[in-house]
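# Structural overview
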Amino acid sequence: MARTPVWKSIAGTLTDDISQGRYDTGDKLPAEAQLAARFGVNRHTVRRALAEMAAGGLVHARRGAGVFVAAKPTDYPIGKRVRFHQNISKGGRTPAKQILTTETRAAAAGEAAALALSPGDPVHVYDGLSLADGQPIALFQSIFPAERFPEMLTALEETQSVTAALQRCGIEDYTRLETRITARQATATQALHLRIPEGAPILRTTGINVDSEGRPIEYGRTWFAGDRVTLTVGGDE
């Protein structure tokens, strides 16, 4: 089994320090020499770890002043109700979404199974980018049964909110049936959108949302920038 590079392990430890509040937004990190002594490595290894964190948007260097925390990883609850705007706002950050593409096409076999449709049935597909304080934190794809929600894409383009769009289509409330979380490495395209290095760690979630009668209404996939989001699982909300 391949060993994790030391510099990547250091970046992970420092990211955890930031996430746990040891360093807050705007705080200066210890000097390279101090970090090198802490981890028992040379300064070049520390410098590479900090460069990795800077590429992920967690820290930034000021010439002659040091390295400072740019942003804390955002806590993102995964529970019975998953609401992007609510989750980001609770963390004291400003949520936003950017539409990348929308289309109506035939459902693939896996999509059809998740939505209790037949393969080839029409679905609406919404691809976009989620942001917190203007920083991209996730790519997402939401898929909806087109025959049930014929005006869904129009509602999404006007509201840029899945919850608001579903309300326009007659769904006042919905809940998460299941969520699966897996680790991945960012592809070149994902890295470009998320402003992270190609191959950087990302967390992929797949989930199915259902209406009050338990009928599937949305099949979603999200790719979170691993250094910018802490997924928390549990609870009823």
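Please read these numbers as outputs of a predicted model, since none were measured by experiment.

### Digging into the overall build of the protein
- Of regular secondary structure, the protein possesses eight helices and 10 strands.
- Overall, the C-alpha framework of the protein stretches about 60 × 40 × 30 Å when taken along its three principal axes.
- For the protein, the accessible surface area stands at approximately 11900 Å², while carbon and sulfur atoms represent 48% of it.

### Remarks on the packing of helix α1 (residues 6-19) against helix α3 (residues 43-55)
- Where α1 meets α3, the axes come as close as 8 Å, and the angle between the chain directions of the two elements is 55°. Judged on the interaxial angle alone, α3 and α1 are oblique. You can see that α1 and α3 cross each other, and the crossing is right-handed. Between α1 and α3, the contacting residues are V6, W7, I10, A11, L14, T15 and I18 on the first element and T45, R48, A49, L50, E52 and M53 on the second.
- A per-class count over the contact of α1 with α3 returns nine nonpolar, two polar and two charged.

### A closer look at α3
- For α3, with 13 residues, the first-to-last C-alpha span of 18 Å sits near the 18 Å given by 1.5 Å per residue.
- Along α3, the positions that sit buried rather than exposed are T45, V46, A49, L50, E52 and M53. Along the axis of α3, the buried positions cluster into a sector of 155°, meaning they face one direction only.
- Lining the buried residues of α3 we find α1, α2 (32-39), β1 (59-62) and β2 (66-69).

### A look at the environment of R168
- With respect to the element layout, R168 can be found in helix α7 (residues 162-168).
- Measuring from C-alpha to C-alpha, the distance between R168 and M152 comes to 8.3 Å, with 16 residues separating the pair along the chain.
- Not counting chain neighbours up to four residues away, the residues in contact with R168 comprise A155, E158 and T159.

### Structural notes on the nonpolar core
- Grouped together as the largest cluster of nonpolar side chains are 17 residues, with contacts concentrated most on L14, I18, L29, L50, M53 and V59.
- Of all elements in the fold, only α1, α2, α3 and β2 reach the threshold of two or more residues within this core.
- Element by element, the count of residues in this core is highest for α1, at five residues.
- When near neighbours in sequence (up to four residues on either side) are disregarded, L50 contacts L14, L29, E32, L35, V59 and V67.
- Grouped together as the second largest cluster of nonpolar side chains are 14 residues, Y126, V162, A165 and I217 included.

### Re the sheet that holds strand β5 (residues 122-132)
- Read across the sheet, six strands follow the order β4-β5-β6-β9-β8-β7 without closing on themselves; strand pairing throughout is antiparallel. Edge positions in the sheet fall to β4 (95-106) and β7 (175-185), since each has one partner strand and no second. When strand polarity is set aside, the average angle formed by the axes of neighbouring strands in this sheet is 15°.
- The pairing of β7 with strand β8 (residues 201-210) spans 10 bridges and is antiparallel. From the neighbouring strand, R180 faces β8, where its bridge partner is T206.
- Seen against the sheet, helix α6 (residues 152-159) touches β4, β5 and β6 (135-145) and runs at an angle of roughly 165° to β4.

### Describing the packing of aromatic side chains
- According to the stated counting rule, one finds two aromatic pairs in the structure shown.
- Each ring, one from Y76 and one from F224, has its centre 5.1 Å from the other, and the planes form 55°; the classification is tilted. Highlighted residues: Y76 in strand β3 (residues 74-78) and F224 in strand β9 (residues 216-225), separated in sequence by 148 residues.
- Residue class for F224 comes out buried when judged on its relative accessible area of 3%.
- When the centroid spacing of 5.0 Å and the interplanar angle of 75° are considered together, the rings of Y126 and F140 count as edge-to-face. Here Y126, found in strand β5, pairs with F140, found in strand β6; they are 14 residues apart in sequence, far enough to count as distant. Here Y126 matches F140 in class, with each residue buried.

Scoring rules and cut-offs
Residues numbered from 1 in each chain as written. Predicted model: local features only at pLDDT ≥ 70, side-chain atom pairs only at ≥ 80, totals over all residues. Heavy atoms only, no water. Helix = DSSP H or I, 4+ residues; strand = E, 2+ residues; numbered from the N terminus. Areas by Shrake-Rupley, 256 points an atom, 1.4 Å probe, with all protein chains shown as cover. Axes fitted to C-alpha atoms, helices over the stretch in contact; angles between N-to-C directions. Parallel < 35°, antiparallel > 145°, perpendicular 65-115°, else oblique. Left-handed = near helix turned anticlockwise from the far one by under 90°. Contact = heavy atoms within 4.5 Å. Nonpolar A, V, L, I, M, F, W, Y, C, P; charged D, E, K, R; others polar. Expected span 1.5 Å × (residues − 1). Buried < 20%, exposed > 50% of the residue type's maximum accessible area, 1.4 Å probe, protein only. Arc of directions from axis to C-beta. Core = buried A, V, L, I, M, F, W, Y, C linked by side-chain atoms within 4.5 Å. Pairing = 2+ DSSP bridges. Phe/Tyr/Trp six-rings, centres within 6.5 Å; stacked < 30°, edge-to-face > 60°.

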